[in-house]
Amino acid sequence: CKKMEEEPKDVIVLGAIRSGAKKFDKIARVTKIKPDELNKILEKLEKRGLIEANEKKGLFGSKIEITVTEKGSREIDERIHELQEEWGQMVSLYKTGDKQKLKEHMDQKRSFLPTMMYFGIMDMMMFSMMFSMMGIGMSDFFAGDPQGMEYANDPGMNNAGDGGPGDGGEGGFMDGGFDVGL
């Protein structure tokens, strides 16, 4: 099983699109990623053939709809499988009672924790018990990464489906990149 080369945010963006967020503003809202950073991630994902952007013509002009390709879907499944294995390792370390090993492992895998939270892989009750065992607070652990805490505190993260007409502005797709404005 190859290791995760992807940036965790790339995987979160892919997951949001596959869950139904097809428009730029919706993806930004669901993933809590700033538009300029999201733009770069979407361009990278498209270059790798993991997503496609299609123009949909409607009553009020054209809109860009972003979808995950079959390759992108396989990529998400692989990443989720790796994250599940990673979570299993943390649970095993917790069960051994070795605080130091658990803390070291969690520090090494810190960047993947928000992704695990986003996909609902980790059991939040077990996660908080790990922090209790290590004698540190979850907020202390995520002090440098507010995004991790956002996912931990947002039970609706898995509900990324597109809303109706009141969903806000559209992102445009211009010059081979994603444009945030109208």
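Structure's up top.
What this report covers is the structure whose coordinates are included nearby. Quick caveat: nothing in here was measured; it's all calculated off a predicted structure.

## Side note on the pattern of salt bridges
A complete count under the given rule lists 12 salt bridges for this structure. For the salt bridge of Glu-82 with Arg-79, the shortest nitrogen-to-oxygen distance reads 3.0 Å. Placement of the pair is Glu-82 and Arg-79 together in helix α4 (residues 70-96), with a separation of three residues, close to one helical turn. Taken as a pair, Glu-82 and Arg-79 share a single burial class, namely buried. The structure contains a network of salt bridges with shared partners spanning Arg-48, Glu-75, Arg-79 and Glu-82.

## Focus on the packing of helix α2 (residues 24-31) against helix α3 (residues 35-47)
Viewed as axis vectors pointing N to C, α2 and α3 meet at an angle of 110°, and their least axial separation amounts to 10 Å. By the criterion of interaxial angle, the relationship of α2 to α3 is roughly perpendicular. In this structure, α2 uses Phe-24, Ile-27 and Ala-28 to contact α3, whose residues at the interface are Pro-35, Leu-38, Asn-39 and Leu-42. Per-class residue counts for the contact of α2 with α3 are six nonpolar, one polar and no charged.

Definitions and cut-offs
- Residues numbered from 1 in each chain as written.
- Predicted model: local features only at pLDDT ≥ 70, side-chain atom pairs only at ≥ 80, totals over all residues.
- Heavy atoms only, no water.
- Salt bridge = Lys/Arg side-chain N within 4 Å of Asp/Glu carboxyl O.
- Helix = DSSP H or I, 4+ residues; strand = E, 2+ residues; numbered from the N terminus.
- Buried < 20%, exposed > 50% of the residue type's maximum accessible area, 1.4 Å probe, protein only.
- Axes fitted to C-alpha atoms, helices over the stretch in contact; angles between N-to-C directions.
- Parallel < 35°, antiparallel > 145°, perpendicular 65-115°, else oblique.
- Contact = heavy atoms within 4.5 Å.
- Nonpolar A, V, L, I, M, F, W, Y, C, P; charged D, E, K, R; others polar.

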